[in-house]
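Architecture and fold: a report
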Amino acid sequence: MHRLLRTFTALAAFAALGLPAGCSSESASGAKEEATVRGAATGSAGPPEGTFWVDPDSPAARQVEQWRQQGRTRDAEALRRISEQPMAVWPAGDDPAPDIAQAVRGAAKENRTVVLVAYNIPHRDCGQHSAGGAGSADQYRSWVDTFAGAIGDAPALVVLEPDAIPHIVDGCTPAEYHEDRYQLLSEAIQRLKRQPKVTVYLDAGNPGWISEPGKLTEPLQKAGVAQADGFSLNVSNFQSDRTIKAYGRTLSATVGGKHFVMDTSRNGRGPLAGDRQDAWCNPPGRGLGTPPTDRTGDPLVDAVLWIKRPGDSDGPCRGGPAAGQWWPDYALGLARNAKAA
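What you are looking at is a predicted structure, and each value in this text was computed from that prediction instead of being measured.

Scoring rules and cut-offs
Residues numbered from 1 in each chain as written. Predicted model: local features only at pLDDT ≥ 70, side-chain atom pairs only at ≥ 80, totals over all residues. Heavy atoms only, no water. Pairing = 2+ DSSP bridges. Helix = DSSP H or I, 4+ residues; strand = E, 2+ residues; numbered from the N terminus. Axes fitted to C-alpha atoms, helices over the stretch in contact; angles between N-to-C directions. Contact = heavy atoms within 4.5 Å. UniProt positions renumbered as here; feature names shortened; annotations may be inferred. Buried < 20%, exposed > 50% of the residue type's maximum accessible area, 1.4 Å probe, protein only. Disulfide = S-S within 2.5 Å. Parallel < 35°, antiparallel > 145°, perpendicular 65-115°, else oblique. Nonpolar A, V, L, I, M, F, W, Y, C, P; charged D, E, K, R; others polar. Expected span 1.5 Å × (residues − 1). Arc of directions from axis to C-beta. Polar contact = N/O pair within 3.5 Å; in protein donor to acceptor, adjacent residues only side chain to side chain. Salt bridge = Lys/Arg side-chain N within 4 Å of Asp/Glu carboxyl O. Phe/Tyr/Trp six-rings, centres within 6.5 Å; stacked < 30°, edge-to-face > 60°. Lys NZ or Arg CZ within 6 Å of the ring centre and 35° of its normal.

1. Describing the sheet that holds strand 5 (residues 259-263)
- Spatially, six strands are ordered 1-2-3-4-5-6 in an open sheet, and the strand pairing comes out parallel. Each of the sheet's edge strands pairs with one partner strand only, and the pair in question is strand 1 (114-118) and strand 6 (301-305). Each strand axis lies, on average, 25 degrees off the axis of its neighbour in the sheet, ignoring direction.
- The sheet contact formed by strand 1 and strand 2 (residues 156-160) spans five bridges and is parallel. Bridged to Val-117 within strand 2 is Val-159.
- Its contacts with the sheet place helix 8 (residues 241-254) against strand 4 (230-233), strand 5 and strand 6, and it is angled at close to 155 degrees to strand 5.

Below you can see the structure in the form of structure tokens.
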């Protein structure tokens with residue numbers, strides 16, 4: 001259900017940041033922990049005012065309760081670092097309405113904003129761990145219409161199609177699908193923006209994957225980023241806050257100054273060191289990153305978010321379950337290695 005990144009042949013370094021090549025790259029010494037961002041963003045047309053919704057019945061919340069009942073109080077207390085934070089909802093690919101409706105109802109009770117991920121583009125993930133998606137362009141249009149309609153008048157932030165644009169850039173998605181994908185993404189942005197309180201961020205991968213941000217400029221433009229509120233970075237990846245922000249500023253300057261949001265759910269200790277095969281897939285020793293907030297202190301960063309739900313597996317690697325399945329032991333490791341606030 002959840003997206004994954006494929007490990008590709010090492011890319012040229014992002015010179016301004018001194019990054020090693022490869023989608024799992026990091027500096028040799030590892031990313032330094034950074035202080036939690038604070039302060040209100042200025043000049044932003046980003047997510048609606050207020051805090052994001054925390055799901056009281058998330059897998060993490062249920063795990064906390066189970067461990068408490070089993071007497072694993074220390075583990076339960078550690079896992080609260082996940083269960084008490086807002087995380088994105090990834091609605092089902094067959095019918096997104098029930099998942100969205102449940103989230104919207106919960107958020108409405110607390111006057112909060114729900115974070116959603118639209119992830120059902122045809123030919124999704126190039127047939128890899130998160131393969132699937134709508135069976136045709138018309139099916140996808142219908143799915144997006146249902147997705148948007150289920151939001152209604154509720155405030156929502158939508159991350160649109162993780163990996164869809166980067167997979168065009170790296171050549172993983174066959175060329176014959178490119179124009180249809182651009183058209184579908186553009187239409188999806190327009191449909192979602194018809195909802196009065198929805199902000200939309202078109203995914204742009206991460207700096208360890210497409211190391212030269214300029215390669216994303218034309219594809220993002222073709223996909224309609226001008227009509228979106230901005231783009232998203234680092235979804236389900238581990239690049240450090242500092243790296244993402246520098247990359248995002250460079251990319252923003254090429255697409256009309258668009259703002260961006262960034263996934264910090266598992267980047268507290270940066271990516272796995274070295275250019276390693278499958279470094280993106282359940283890498284050991286990672287930790288929770290900056291807690292979600294829409295008050296970032298950065299005029300270009302509309303929000304830091306936990307888009308990838310910490311504890312959900314990247315796929316059947318390193319002993320993990322299928323992609324998107326809850327993995328309590330991995331979640332506990334992330335919590336214990338959490339970035340210092």
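2. With respect to the UniProt feature "binding site: substrate" (unreviewed entry) in the protein chain
- Within this numbering scheme, the UniProt entry marks Trp-90, Trp-209, Asn-237, Trp-280 and Lys-308 as carrying the feature "binding site: substrate" (unreviewed entry).
- One can find Asn-237 in the loop between strand 4 and helix 8.
- You can call Asn-237 buried: its relative accessible area is 1%.
- Mapped onto the secondary structure, Trp-280 falls in the loop between strand 5 and strand 6.
- Given a relative accessible area of 7%, Trp-280 falls into the buried group.

3. Description of the environment of Pro-213
- One can find Pro-213 in the loop between strand 3 (198-203) and helix 7 (214-222).
- Judged by relative accessible area, Pro-213 falls into the buried class, the value being 5%.
- C-alpha separation for the pair Pro-213 and Thr-250, spaced 37 residues apart in sequence, amounts to 6.9 Å.

4. Section: unusual backbone geometry
- Not every positive phi belongs to a glycine, and Ser-236 is a case in point at roughly 65 degrees.
- Looking at the secondary structure, you find Ser-236 in the loop between strand 4 and helix 8.
- Given the relative accessible area of 3%, Ser-236 is considered buried.

5. What to know about the state of the cysteines
- With the rule as written, the count across this model stands at one disulfide.
- Through a disulfide, Cys-281 is tied to Cys-317; the S-S separation comes to 1.7 Å. Residues Cys-281 and Cys-317 share a disulfide whose torsion about the S-S bond is about -85 degrees; that sign makes it left-handed. Highlighted residues: Cys-281 in the loop between strand 5 and strand 6 and Cys-317 in the loop between strand 6 and helix 9 (328-336), separated in sequence by 36 residues.

6. Focus: the packing of helix 2 (residues 73-83) against helix 9
- The interhelical angle for the contact between helix 2 and helix 9, taken along N-to-C directions, is 80 degrees, at an axis separation of 8 Å. By the criterion of interaxial angle, the relationship of helix 2 to helix 9 is roughly perpendicular. Here Asp-75, Ala-78, Leu-79, Arg-81 and Ile-82 of helix 2 lie close against helix 9, whose contacting residues are Ala-331, Leu-332, Ala-335 and Arg-336.
- Its residues assigned to classes, the contact of helix 2 with helix 9 comprises six nonpolar, no polar and three charged.

7. Some details on helix 4 (residues 137-151)
- For helix 4, spanning 15 residues, the distance from its first C-alpha to its last is 22 Å, which sits close to the expected 21 Å at 1.5 Å a residue.
- Taken together, the buried positions of helix 4 are Tyr-140, Trp-143, Val-144, Phe-147, Ala-148 and Ile-151. Along helix 4, the residues classed as buried sweep out an arc of 130 degrees about the axis, all on the same side.
- In this structure, the buried residues of helix 4 make contact with helix 3 (97-109), strand 1, strand 2, helix 6 (178-192) and strand 3.
- Taken from the residues just after helix 4, Gly-152 is the one with a positive phi, measuring 65 degrees.

8. Regarding the environment of Ser-265
- For Ser-265, the location among the structural elements is in the loop between strand 5 and strand 6.
- Given a relative accessible area of 1%, Ser-265 falls into the buried group.
- Taking the C-alpha atoms as reference, Ser-265 lies 7.7 Å from Ser-236; in sequence the two are 29 residues apart.
- Here Ser-265 is in contact with Gly-287, Leu-288, Gly-289, Leu-305, Trp-306, Ile-307, Lys-308 and Pro-310, once residues within four sequence places are set aside.
- Polar side-chain contacts of Ser-265 include one of 3.0 Å to the backbone oxygen of Lys-308.

9. A few points about the pattern of salt bridges
- Under the defined criterion, the tally for this structure stands at 17 salt bridges.
- Between Arg-72 and Asp-75 there is a salt bridge, and its shortest N-O distance comes to 2.8 Å.
- According to the relative accessible area criterion, Asp-75 is buried, its value standing at 14%.
- Among the charged side chains, a salt-bridge network with shared partners connects Arg-72, Asp-75 and Arg-336.

10. Examining the packing of aromatic side chains
- By the definition in use, this model includes five aromatic pairs.
- Centre to centre, the rings of Trp-90 and Tyr-119 are 5.5 Å apart; their planes meet at 90 degrees, and the pair counts as edge-to-face. Placement of Trp-90 in the loop between helix 2 and helix 3 and of Tyr-119 in the loop between strand 1 and helix 4 is noted, with a sequence separation of 29 residues between them. Comparing Trp-90 with Tyr-119 shows no difference in burial state: the two are buried.
- On the numbers, 6.1 Å between centres and 20 degrees between planes, the contact of Tyr-140 with Trp-143 is stacked. Here the residue Tyr-140 and the residue Trp-143 both occupy positions in helix 4, the gap between them amounting to three residues, near one helical turn.
- Three or more aromatic residues joined by ring pairs make a cluster, and in this case those are Tyr-140, Trp-143 and Phe-147.
- Arg-72 extends its terminal NZ or CZ atom over the ring of Trp-67, reaching a point 4.1 Å from the ring centre.
- The side chain of Arg-124 reaches across the aromatic face of Tyr-119, ending 4.4 Å from its centre.

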